[in-house]
Amino acid sequence: MKNSSTLKVKQRGFTLVELLVVIAIIGILIGLLLPAVQAAREAARRMQCTNNLKQLALAVQNYHDTNNALPAARAMLGESGMGVNCNNPPKAKGPFGTVVYLMPFIEQNALWTQLLNLCSASQHGDNRLRYPRENWINGSTTGPDGMDISCLGATIDGFICPSDGNAKQKSVDGRGLGRLNYMSCRGDSMWNNNRHPEDEGSAAAKTAHRGTFRVGEFPSMSVVSDGTSNTVIFSEALSTSQLGGRSIKGQLFTVRSMYDGNSRPGPCLAIKNGTEATQDARTDTWRAQRWLDGYLFYSGFNTVLAPNSPNCSYDSGDVWGVASVQSNHSGGVNAAKLDGSVSFISDTIDCGDAYSYAVTSGKSPYGVWGAMGSANGGETSTSL
């Protein structure tokens, strides 16, 4: 009989093959899980984005209830803080965009008060008051008159879509301002949509007021004759951290062929080559870089090309052109309507004929998307 103390216990471990199989199985499970996690996170970001747009749409209604007027696309600030019509030419005078007027209605009263202090009569001495756009400078917290202008660089969460990874950075246009993802609708017009029609000599250019929001004006809700549930007022745009390049999203391209006596968006669409353009982007005016700036490429959009199309300016500076809606959501963008609802607009939405010329009245030549942008084109729910 063998001594039990001399018995050896045989211990069995994992073989190399078994270990590799286990690692492979874990890798496969992770590979299956990650897309689901990423999709869930994007769904949450998209939901937050939808909620932000809804709050802005409701703020427009509250603004109208308070002031019996809609906010402007771009104008001045009055002494009381309400926007005022620009009664002396040029009508487009004044830099502040639509979302600025909505600040008291989205729980941004502290920043709103700071902004009004910059526009006080004691500093600028007139009754159509504004802090000069030229003085939003170089990321400084002090203006040229010694005033604290740090509020201009604030990041406002309600103006930011979480799916835009660049949006919480300060603007990269040399001014250090806070960014904006939610653009206000300028209708289905292109030519000189930064100006008031009374300041435009060409009849073909008098298309600027096809949308709900108007340059230099604060009209009543009656201008929206197509119905609040048929009229888009806000949608998305992307900012960028890359100077130039050919990526379509967040960039701005110069396309002078959009104009040949009237405006048409087709030449802008023609530069699209997948997710890139066939030419280099501009490096002086960047999309969605300033939440307070009412000029088209900073805070506006027009409904002439489908979502995620290029942004095209006719020339250098803050001139007119195609300001497309863009997002990182798969397949399209969110858009808020005047009735407070938010819809998802597909990249494949009907946009009519991109080589049609802009119109000054009547139905939009740019399909369903153009009809949704025009406030009084005669397109009702039955015609959409």
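Structural notes, computed from the coordinates. (Residues numbered from 1 in each chain as written. Predicted model: local features only at pLDDT ≥ 70, side-chain atom pairs only at ≥ 80, totals over all residues. Heavy atoms only, no water.)

Comments concerning the overall build of the chain
Step number 1: Each helix and strand counted, the chain has 7 helices and 13 strands in total.
Step number 2: Per-residue burial for the chain yields a buried fraction of 51% across its 384 residues.
Step number 3: For the chain, long-range pairs separated by at least 24 residues make up 68% of all intrachain contacts whose partners lie at least 6 apart in sequence.
Step number 4: Surface exposure of the chain reaches about 16500 Å², of which carbon and sulfur atoms provide 52%. (Helix = DSSP H or I, 4+ residues; strand = E, 2+ residues; numbered from the N terminus. Buried < 20%, exposed > 50% of the residue type's maximum accessible area, 1.4 Å probe, protein only. Contact = heavy atoms within 4.5 Å. Areas by Shrake-Rupley, 256 points an atom, 1.4 Å probe, with all protein chains shown as cover.)

Observations concerning a nonpolar patch on the surface
Step number 1: Residues Val 17, Val 21, Ile 25, Ile 28, Leu 29 and Leu 32 make up a contiguous nonpolar surface patch of about 600 Å² in total accessible area.
Step number 2: By the secondary structure assignment, Val 21 is in helix α1 (residues 16-67). (Patch = residues over 30% accessible without salt bridge, like charges linked within 9 Å, V, L, I, M, F, W, Y side chains within 5 Å. Salt bridge = Lys/Arg side-chain N within 4 Å of Asp/Glu carboxyl O.)

With respect to the side chain of Asp 164
Step number 1: In this fold, Asp 164 is placed in the loop between α4 (121-124) and β4 (182-185).
Step number 2: Buried charged residue Asp 164 carries no salt bridge. Nearest counter-charge: Arg 179, at 5.9 Å.
Step number 3: Apart from residues lying up to four places away in sequence, Asp 164 is in contact with Asn 181, Ala 237, Leu 238, Ser 239 and Asn 328. (Lys, Arg positive; Asp, Glu negative; His and termini not counted.)

Points about the pattern of salt bridges
Step number 1: A full pass over the atoms with the stated rule returns 6 salt bridges.
Step number 2: A salt bridge links Asp 260 to Arg 264; its shortest N-O distance comes to 3.5 Å.
Step number 3: Classification of Arg 264 by relative accessible area gives buried; the value is 19%.
Step number 4: A salt bridge links Asp 293 to Arg 290, with the nearest nitrogen and oxygen atoms 2.9 Å apart. Grouping residues by exposure puts Asp 293 and Arg 290 together as buried.

Considering the sheet that holds strand β6 (residues 253-254)
Step number 1: Read across the sheet, 3 strands follow the order β6-β10-β11 without closing on themselves; strand pairing throughout is mixed. At either margin of the open sheet sits one strand with a lone partner, and together these are β6 and β11 (321-322).
Step number 2: Bridging between strand β10 (residues 312-313) and β11 involves 2 bridges; their strand directions are antiparallel. Residue pairing across strands places Cys 312 opposite Val 322, the latter belonging to β11. (Pairing = 2+ DSSP bridges.)

Quick word on helix α3 (residues 109-118)
Step number 1: Of all the positions in α3, only Leu 111, Trp 112, Leu 115 and Leu 118 are classed as buried. In an axial view of α3, the angular spread of the buried residues amounts to 110°, which keeps them on one side of the axis. (Arc of directions from axis to C-beta.)

Description of the sheet that holds strand β9 (residues 300-301)
Step number 1: On the basis of which strands lie adjacent, the open sheet formed by 5 strands has the order β9-β4-β5-β12-β13 and mixed pairing. Across the chains shown, the open sheet's two edge strands, defined by having one partner strand only, are β9 and β13 (342-346).
Step number 2: Two strands pair when backbone bridges link them, and strand β12 (residues 332-337) and β13 are joined in this way by 5 bridges, in the antiparallel orientation. Bridge assignment links Asn 334 to a residue of β13, and that residue is Phe 344.

What about the state of the cysteines?
Step number 1: According to the stated counting rule, one finds 1 disulfide in the structure shown.
Step number 2: Here Cys 268 connects covalently by a disulfide to Cys 312, the sulfurs 2.1 Å from one another. Its S-S torsion of approximately 80° makes the covalent link between Cys 268 and Cys 312 right-handed. Of the two residues, Cys 268 is situated in helix α5 (residues 266-269) and Cys 312 in strand β10; the sequence distance between them amounts to 44 residues.
Step number 3: When its relative accessible area of 0% is taken as the criterion, Cys 268 is described as buried.
Step number 4: On the basis of relative accessibility, which here comes to 0%, the residue Cys 312 falls in the buried class. (Disulfide = S-S within 2.5 Å.)

Section: the nonpolar core
Step number 1: Counting 61 residues, the largest nonpolar core has Val 100, Met 103, Phe 159, Phe 234 and Trp 369 as its most contacted members.
Step number 2: Secondary-structure elements contributing two or more residues to this core are α1, β1 (74-77), α2 (98-101), α3, β4, β5 (232-236), β12 and α7 (367-373).
Step number 3: Examining the composition of this core, we find that 7 residues originate from one element, α1, more than from any other.
Step number 4: The next biggest cluster of nonpolar side chains, apart from the first, holds 19 residues, and it includes Met 190, Ile 248, Val 255 and Leu 305. (Core = buried A, V, L, I, M, F, W, Y, C linked by side-chain atoms within 4.5 Å.)

Comments concerning the layout of surface pockets
Step number 1: As a volume, the largest pocket reaches approximately 220 Å³.
Step number 2: Taken together, 13 residues make up the lining of the largest pocket; nearest its centre are Gln 55, Phe 105, Ile 106, Glu 107 and Gly 158.
Step number 3: Split into classes, the residues belonging to the lining of the largest pocket amount to 6 nonpolar, 5 polar and 2 charged. (1 Å grid on protein atoms, 1.4 Å probe; cavity = no way out; pocket = protein on both sides within 12 Å on 5 of 7 lines; lining within 4 Å. Points joined across faces, edges and corners; volume = space filled by probe spheres on them. Nonpolar A, V, L, I, M, F, W, Y, C, P; charged D, E, K, R; others polar.)

Describing the environment of Asn 230
Step number 1: Counting through the fold element by element, Asn 230 comes out in the loop between β4 and β5.
Step number 2: Note: C-alpha distance between Asn 230 and Ser 374 (144 residues apart in sequence) is 9.1 Å.

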